[in-house]
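Working through the structure, step by step
Chain by chain, the residues run as shown.
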Amino acid sequence: MPDTKMILSLDGGGIRGAASARFLELVEAQLNARGKNLRDCVDFYAGTSTGSIIALALATTDLPMSKISALYNYDIAAQIFVKNNEWILNGLNVPRYKAGGKTQTLLAKLKQAKLGDVPDGKHVLAVSYDIQKRKPDVIKSTDPQQRPLLSCQVADASSAAPTYFPTCEIHAGGNPDEWLVDGGVTANNPTMCAIAEAKRAWPDITIDRMRVLSVGTGYRTRRINGPESQHWGAIQWFTEGHILDVLTDERVVAYQAMTLMSQGSYIRVNADMCKQGGLPNPPDDAMDDISRSNIDKLRAMGQWWFDKYGEAAVDLLLGQYQGPSLDRIEASTGEPKVNA
């Protein structure tokens, strides 16, 4: 086959990254059985928020996917989601969680790995948002000034979800300090960012020679009360309308990628987080439900995804997939939607 580039794109979603990590853990186990691992197969890693943690761990450390998946357990989550001692109202007056737990945990796990530690010929990016410049900040190994950044700092900034965690300060090269928040406010699904940066990194590689495995964190289906929303102000939109989730809806990116990519070169792993065939006990769709029972349900969802997408995903990573492009699982059929 002509030279192609494989992109692994990972959505944001807080603790729901446990599902993504479990899915990839099972994928890597199958690759191991064929004498490969994820790092052998992926050319460009992309992540937003919790997805950036997984992407950066894969791209810049030697942690196997099984150990990356093990980061999504109750004990580690409890170190990250440390409640703010100040009086809060759903994160409206101060962030719901302290910064220190997340910052220290990421440093402990990613250590001194840098963006520039990605192997030669490969790249990684993490999506954040610069609040002072009011623009997305795609932190990437293709930028020489950003390669010295610690992976833990980049992951910290990409996962600084407004109302959940404080804004992160980061300094790159000779540039002034930047104040960054979670990239989910602009690109919770970083697939299109990855395609654009892959084209920049390898100008001779056309989009029909790219393959994409895009892994979500589950889609929230709880209903927003339309009639009541007519009377909502800022507080109600945060407490009742969960405005951050509305702003981070990833489906338009999935549609764009599915439309642009060649048939059979794109697989989108995701599903509605509601009771359906194969998912009799769906996990809580909150980004911060770190209870042991919910993490178990998230991992079970990742297992279910593997049952539905695993064989196709492994073949795609190996450059051997011959089927159609696949989208999220349809609740009505219990199967991935086929892009005809």
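What comes next is a walk through the structure. Since the model is a prediction, treat every value here as computed from it, not as a measurement.

Cut-offs applied
- Residues numbered from 1 in each chain as written.
- Predicted model: local features only at pLDDT ≥ 70, side-chain atom pairs only at ≥ 80, totals over all residues.
- Heavy atoms only, no water.
- Salt bridge = Lys/Arg side-chain N within 4 Å of Asp/Glu carboxyl O.
- Helix = DSSP H or I, 4+ residues; strand = E, 2+ residues; numbered from the N terminus.
- Buried < 20%, exposed > 50% of the residue type's maximum accessible area, 1.4 Å probe, protein only.
- Contact = heavy atoms within 4.5 Å.
- Pairing = 2+ DSSP bridges.
- Core = buried A, V, L, I, M, F, W, Y, C linked by side-chain atoms within 4.5 Å.
- Expected span 1.5 Å × (residues − 1).
- Bend = angle between axes of the 7 residues up to and from the residue.
- Phe/Tyr/Trp six-rings, centres within 6.5 Å; stacked < 30°, edge-to-face > 60°.

Quick look at the pattern of salt bridges now. Counted under the stated rule, the structure contains 13 salt bridges. The residue Lys102 makes a salt bridge to Asp156 at a minimum N-O spacing of 2.5 Å. Linking Lys102 in helix H6 (residues 99-110) with Asp156 in helix H7 (residues 151-158), this pair joins segments that are 54 residues apart in sequence. Of the two residues examined, Lys102 and Asp156, each falls in the buried class. Note that Arg328 and Asp272 form a salt bridge whose closest N and O atoms lie 3.1 Å from each other. Residue Arg328 is found in strand E9 (residues 326-330), and its partner Asp272 is found in the loop between strand E8 (266-269) and helix H14 (292-317); the two are separated by 56 residues along the sequence. On the accessibility criterion, Arg328 (14% relative accessible area) is buried.

As a further point, take helix H3 (residues 50-60). Within H3, 11 of the 11 residues are buried, leaving the element largely enclosed by the surrounding structure. Where H3 is concerned, the buried positions are Thr50, Gly51, Ser52, Ile53, Ile54, Ala55, Leu56, Ala57, Leu58, Ala59 and Thr60.

Time to look at the side chain of Ser69. If you trace the backbone, Ser69 turns up in helix H4 (residues 65-70). Those residues within four positions of Ser69 in sequence are excluded, and the remaining contacts are Ala21, Arg22, Glu25 and Arg299.

Right, let's talk about the environment of Asp40 for a bit. For Asp40, the position within the fold is in helix H2 (residues 38-41). For Asp40, a relative accessible area of 46% puts it in the partly exposed group. With residues up to four places along the chain from it excluded, the contact list for Asp40 reads Gly35 and Lys122.

Time to look at the pairing of strand E1 (residues 5-10). Burial runs high along E1: 6 of the 6 residues are buried. Alternating positions in E1 separate into two faces, Lys5, Ile7 and Ser9 on one and Met6, Leu8 and Leu10 on the other, with burial throughout. The pairing of E1 with strand E7 (residues 210-215) spans 6 bridges and is classified as parallel. Paired with Ile7 across the strands is Val212, a residue of E7. As defined by bridge partners, E1 adjoins strand E2 (residues 44-48) across 4 bridges and the pair is classed as parallel. Looking at the pairing, Leu8 lines up with Tyr45 of E2.

Grouped together as the largest cluster of nonpolar side chains are 77 residues, with contacts concentrated most on Phe23, Leu213 and Trp305. For this core, the leading source of residues is H14, giving 12 residues. Val127, Val138, Ala198 and Trp202 belong to the second largest nonpolar core, which has 19 residues in total.

It is worth spelling out H14 at this point. Its 26 residues place the ends of H14 only 32 Å apart at the C-alpha level, less than the 38 Å of an ideal helix rising 1.5 Å per residue. Bending of H14 peaks at approximately 65° at the position of Tyr309. Looking at the residues trailing H14, positive phi occurs at Gly319, about 75°.

Okay, the packing of aromatic side chains next. Across all of its chains, the model carries 5 aromatic pairs by this definition. For the ring pair Phe81 and Tyr97, a centre distance of 5.2 Å and an interplane angle of 85° mean the geometry is edge-to-face. Of this pair, Phe81 sits in the loop between helix H5 (74-80) and H6 while Tyr97 sits in the loop between H5 and H6, and the two are 16 residues apart along the sequence. The buried category is assigned to Phe81, whose relative accessible area is 13%. Taking the relative accessible area as the measure of exposure, Tyr97 reaches 4% and is therefore buried. Chaining the aromatic ring pairs together yields one cluster made of Phe81, Tyr97 and Phe165.

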